[in-house]
Amino acid sequence: VHSAVSYTAWNSIFPHAAAARLPIDGMVAQVWTGPARTPVTLDGRTESRFFESNWLLYSYFANLMDGTAGPAGPGGVGGGKSLYFLADPVEDDARHSWPDYERWYRQGLVASMLFPQPTGYEVMPWPDRIFLPGTRVGGGDAPPSYLTTLANIGSALQEVPTSGPVQWSGGTRGIGVLTLDTMMWQRGGPPGSSAASSMRSLHGLTLPLLSRGVPVEVVPMERAPDPGYLSRFRVLLLSYDMQKPLGPELHTVLAQWVRNGGVLVALGGEDAYNAVDEWWGRSGFVGPTEHLLRELNVPVDLNGRAVRTGAARYQQAMRADAPVRALENRQVHRLPVSSVLSGTTPGTVYVRFTDAYPADGWGPSLGRVRVVDGGRVRADFEAGSPAERPFLVEEAGSVAKEGQRFADREGSWVYRFQRLSPEAVLELDLGNQYLVSLAAGPDPMLASSPVALGLPELRAASSYPLVTYPLTGAEPLYQPADGGTTPSPAWAAPVGQGTLIYSGLPAAYGADSPAGGAFIRALVAHACGRARLPYTEAPIVSRRGPYVAANALGKIVNLKGLYLDLFHPDLPVLENPQLPLLEPVLYKELRLSSRIPGLIHASQRARVMEANAARLRVNLDGPEGQTGTMRVYPAGMSIAGFDAFDATGSPVSATLHREGRTLRVRYPQRATGITVTFRWIRPEERLTK
């Protein structure tokens, strides 16, 4: 089954948490390049980020099935359930090239090997797409080098320890983001709900951390009542913007985790689905966030809840006449600013673009922009071009491409033009379902200054709703930048031995801009401080037995020692390798200290039949007609003889190369197997003879 993260993005539904409690044998976590290519949003850019996407998908399954391999526990959890991770090296799609598939597969495979929970790995679900000719994927038959690499990886996946500790180095562990299967449900319904908003909410809590090497995990909240399940997490993040609990029971469990010393970071609380007829409304709460705050008994006035938005400062200036599903209404519109500017003193005007009909996916499309004031051209640029940057002051979910800027559903953007007279006119090459609004004077953005050390200045786009509560004892983390009396947009309160940190900004803020990502990281770092957990951003390196899966994530780091590069068909030996930037690696560590020659690694499947000071005999099998690679450690011995035979006893052509302290053999793979034999002689004996 695909993960809840994938299904949320695809508008599909599957009851993962309920299925995990059924008397099933286990689950296969189906992850391949299609789901991983689903764009994610980070720093305001929506694009495919393969490693981060795969991490989220595998993390969900790892925590959904964590601890279910033992006897059945309360609610049916447990009972010997297994979990297999699937990383598919290709998909049934001829539009992409084999180099693309290989690069994407590496990202997914390494992400899958960073979790200790899987029982094992499904190496590939459709081997015919890889090994048989004429499958019409990747632009032709798979390159022989990729096939050898896959055989090398297939051998590794059979040997990776599936029990025992995982040695980890990287960013801070023990941080999780709580999710519910209901994030798949929050669709259609009230205006303002969409898969895009749900995914941005999830991305806003995870990707700012993960992209910097903080291995934040996706934690199915339905598992929270299971005894001890939440105990390995010190900091948890939660937003109900993208999901809703099915009942109040989970809040009792979560509140107890906080009282026992956990730190909960909660965000948002204002979205369209608060208005549905559900248990929180029938219990007298605006939304489930308020019920959670009541359960935690934090010192704020829940009755004083207020929702503020800078968008309230804007007044509508121009709107498409009716829902338009194409650009047939494209034209240059002239928009005077006199509706918001008066008198003779020049002023600042803010121009906001939003989707007039957000339900159907045809938001505003803007091309050229000109500002003419008193016969002078004060601005002239194409949307999305470098010339736009001095004027673009807010960007929340819009897309710039080929001289256009587009915003769908709840997406928006804002331009600022300074020192304009009331006679100024905007000329906008605009089409689709546009809604243009104007404001003048002070910046409509939500701006606050930090009170607590380590937190950044807070400037949030005017489109975001900000939920605030009067504080009756909670500690404000921010204060209004203008020195006003607006309640703090973020605050902290002790709850037993733990802490609640709350921000009324939506979780999507963390995805929509670099400032939003910095805000999320700062909140989590602050939470880690309260949890007495050092906050660290670092490359991710995981060791399981001799296998090392790593991703430097843009940082420079060297590993000490000797390693085989399993992503190279020749299995080269690397000494003290530097991890490549933004590319994952899969290595096998070598310890060349034995006095007896031995097999280091071989493609697909290898069985050592004999290994001593006189002879090494290895049986090898793999996909018919492909080339395999074997790396052998001769332990200082010289070769007295070398041969290879197939299962019928016929000789097989295999090539042997000495490379440094090891030997490399290339051989034809056979489904029925071949046997390779090395006969050794000590160097001094060769000299004597």
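Relevant structure appears above.
Residues numbered from 1 in each chain as written. Predicted model: local features only at pLDDT ≥ 70, side-chain atom pairs only at ≥ 80, totals over all residues. Heavy atoms only, no water.

1. Here we look at the overall build of the protein chain
- A tally of helices and strands in the protein chain yields 14 helices and 40 strands.
- Once the C-alpha set of the protein chain is aligned to its principal axes, its extents read approximately 105 × 60 × 40 Å.
- Taking all 689 residues of the protein chain together, the buried fraction comes to 56%.
- Sequence separation of at least 24 residues holds for 74% of the intrachain contacts in the protein chain that already meet a minimum separation of 6.
- Counting only carbon and sulfur atoms, one obtains 51% of the accessible surface of the protein chain, whose full area is about 27,600 Å².
- One finds the centroid of the 64 positive side-chain charges in the protein chain at a distance of 6 Å from the centroid of its 63 negative side-chain charges. (Helix = DSSP H or I, 4+ residues; strand = E, 2+ residues; numbered from the N terminus. Buried < 20%, exposed > 50% of the residue type's maximum accessible area, 1.4 Å probe, protein only. Contact = heavy atoms within 4.5 Å. Areas by Shrake-Rupley, 256 points an atom, 1.4 Å probe, with all protein chains shown as cover. Lys, Arg positive; Asp, Glu negative; His and termini not counted. Charge placed at Lys NZ, Arg CZ, Asp CG, Glu CD.)

2. A short note on the nonpolar core
- Counting residues in each nonpolar core, the largest one holds 109 residues, and the members touching the most others are Phe85, Leu109, Val235, Leu237, Leu477, Leu505 and Phe519.
- Among the elements that make up this core, the one with the highest residue count is helix α4 (residues 50–64) (ten residues).
- Setting aside chain neighbours within four positions, we find Leu109 in contact with Ala87, Ile153, Leu157, Phe567 and Leu586. (Core = buried A, V, L, I, M, F, W, Y, C linked by side-chain atoms within 4.5 Å.)

3. As for the side chain of Asp643
- Structurally, Asp643 is set in strand β37 (residues 638–646).
- Overall, the relative accessible area of 19% leaves Asp643 in the buried class.
- Here the side chain of Asp643 touches Arg679 through a polar contact of 2.9 Å, side chain to side chain.
- Contact partners of Asp643, with chain neighbours within four places excluded, come to Thr675, Val676, Thr677 and Arg679. (Polar contact = N/O pair within 3.5 Å; in protein donor to acceptor, adjacent residues only side chain to side chain.)

4. A few points about the pairing of strand β21 (residues 446–450)
- Note: β21 against strand β22 (residues 458–460), three bridges, orientation antiparallel. From the neighbouring strand, Ser448 faces β22, where its bridge partner is Leu458.
- Across three bridges, the pairing between β21 and strand β25 (residues 478–480) is antiparallel. By the bridge assignment for β25, Ser449 is matched with Gln479. (Pairing = 2+ DSSP bridges.)

5. Quick word on the packing of α4 against helix α5 (residues 98–112)
- α5 packs onto α4 with a crossing angle of 40° between their chain directions and a minimal axis gap of 8 Å. Between α4 and α5, the angle is such that the two are oblique. Considering only the axes of α4 and α5, their crossing is right-handed. Residue-level contacts link Phe50, Phe51, Asn54, Trp55 and Tyr58 of α4 to Trp104, Gln107, Gly108, Val110, Ala111 and Ser112 of α5.
- In terms of residue class, the contact of α4 with α5 is built from seven nonpolar, four polar and no charged. (Axes fitted to C-alpha atoms, helices over the stretch in contact; angles between N-to-C directions. Parallel < 35°, antiparallel > 145°, perpendicular 65-115°, else oblique. Left-handed = near helix turned anticlockwise from the far one by under 90°. Nonpolar A, V, L, I, M, F, W, Y, C, P; charged D, E, K, R; others polar.)

6. Details of the sheet that holds strand β31 (residues 573–575)
- With respect to topology, six strands assemble into an open sheet ordered β6-β28-β29-β32-β30-β31, the strand pairing being antiparallel. The sheet is open, and its two edges are formed by β6 (167–169) and β31, each paired on a single side. Direction aside, the axes of adjacent strands within the sheet are offset by 30° on average.
- Pairing geometry for β6 and strand β28 (residues 540–544), over three bridges, is antiparallel. Bridging from a neighbouring strand, Ser169 pairs with Val541 of β28.
- In this fold α5 packs onto β29 (547–551) and β32 (584–590), with an angle of close to 60° to the strand it touches most, β32.

7. Description of a nonpolar patch on the surface
- Taken together, the side chains of Ile13, Trp185 and Leu246 define a hydrophobic patch exposed on the protein surface, amounting to about 360 Å² of accessible area.
- As for its position among the elements, Trp185 is in the loop between β7 (175–179) and α8 (195–210).
- For Trp185, a relative accessible area of 44% corresponds to the partly exposed category. (Patch = residues over 30% accessible without salt bridge, like charges linked within 9 Å, V, L, I, M, F, W, Y side chains within 5 Å. Salt bridge = Lys/Arg side-chain N within 4 Å of Asp/Glu carboxyl O.)

8. Quick notes on unusual backbone geometry
- Positive phi, normally seen in glycine, also occurs at Asn432, with a value near 70°.
- Note that Asn432 resides in the loop between β19 (425–431) and β20 (434–440).
- Located in the positive-phi region is Gln604, a residue other than glycine, with phi close to 60°.

9. Observations regarding the packing of aromatic side chains
- Applying the stated criterion across every chain yields a total of 25 aromatic pairs.
- Note on Trp55 and Phe115: the rings are 4.5 Å apart at their centroids and 45° apart in plane angle, and the pair reads as tilted. One end of the pair, Trp55, is in helix α4; the other, Phe115, is in the loop between α5 and β5 (120–122), and 60 residues separate them in sequence.
- Judged by relative accessible area, Trp55 falls into the buried class, the value being 0%.
- Look at Phe115 and you get buried, because its relative accessible area is 1%.
- Note on Phe85 and Phe115: the rings are 6.4 Å apart at their centroids and 80° apart in plane angle, and the pair reads as edge-to-face. Residue Phe85 is located in strand β4 (residues 82–87), and its partner Phe115 is located in the loop between α5 and β5; the two are separated by 30 residues in the primary sequence.
- Ring pairing ties together the aromatic residues Phe353, Phe381, Phe391, Trp413, Tyr415 and Phe417, which thus form one cluster.
- The residue whose ring lies beneath Arg129 is Trp126, and the NZ or CZ to ring-centre distance is 4.1 Å. (Phe/Tyr/Trp six-rings, centres within 6.5 Å; stacked < 30°, edge-to-face > 60°. Lys NZ or Arg CZ within 6 Å of the ring centre and 35° of its normal.)

10. Digging into helix α13 (residues 514–530)
- Taking 1.5 Å of rise per residue, 17 residues should cover 24 Å, and α13 covers 25 Å from first to last C-alpha, within 8% of that figure.
- Listed as buried for α13 are Gly516, Gly517, Phe519, Ile520, Arg521, Ala522, Leu523, Val524, His526, Ala527 and Cys528.
- Arg532, located one to two residues past α13, shows a positive phi value of around 55°. (Expected span 1.5 Å × (residues − 1).)

11. Describing α5
- Over its 15 residues, α5 extends 21 Å from the first C-alpha to the last, a length consistent with the 21 Å expected when each residue adds 1.5 Å.
- The buried count for α5 comes to twelve of 15 residues, which makes it a mostly enclosed element.
- All of the buried residues in α5 are Trp98, Asp100, Tyr101, Glu102, Trp104, Tyr105, Gln107, Gly108, Leu109, Val110, Ala111 and Ser112.

12. What to know about the packing of α5 against helix α7 (residues 144–159)
- Look at α5 against α7: their axes get within 12 Å of each other, and the N-to-C directions meet at 15°. Of the possible angle classes, the one that applies to α5 and α7 is roughly parallel. The crossing of α5 and α7 is left-handed. In this structure, α5 contributes Trp98, Tyr101, Glu102, Tyr105 and Leu109 to the contact, and α7 contributes Tyr146, Thr149, Leu150, Ile153 and Leu157.
- Looking at the contact of α5 with α7 residue by residue, the class counts come to eight nonpolar, one polar and one charged.

13. Looking at the sheet that holds strand β40 (residues 674–681)
- The antiparallel open sheet is built from four strands, whose spatial order is β34-β35-β40-β37. Of all strands in the sheet, those bounded by a partner on one side alone are β34 (605–611) and β37. When the angles between neighbouring strand axes are averaged without regard to direction, this sheet yields 15°.
- Strand direction decides the pairing type here: strand β35 (residues 615–621) and β40, joined by six bridges, are antiparallel. Across the sheet, the residue bridging to Arg617 is Thr677, located in β40.

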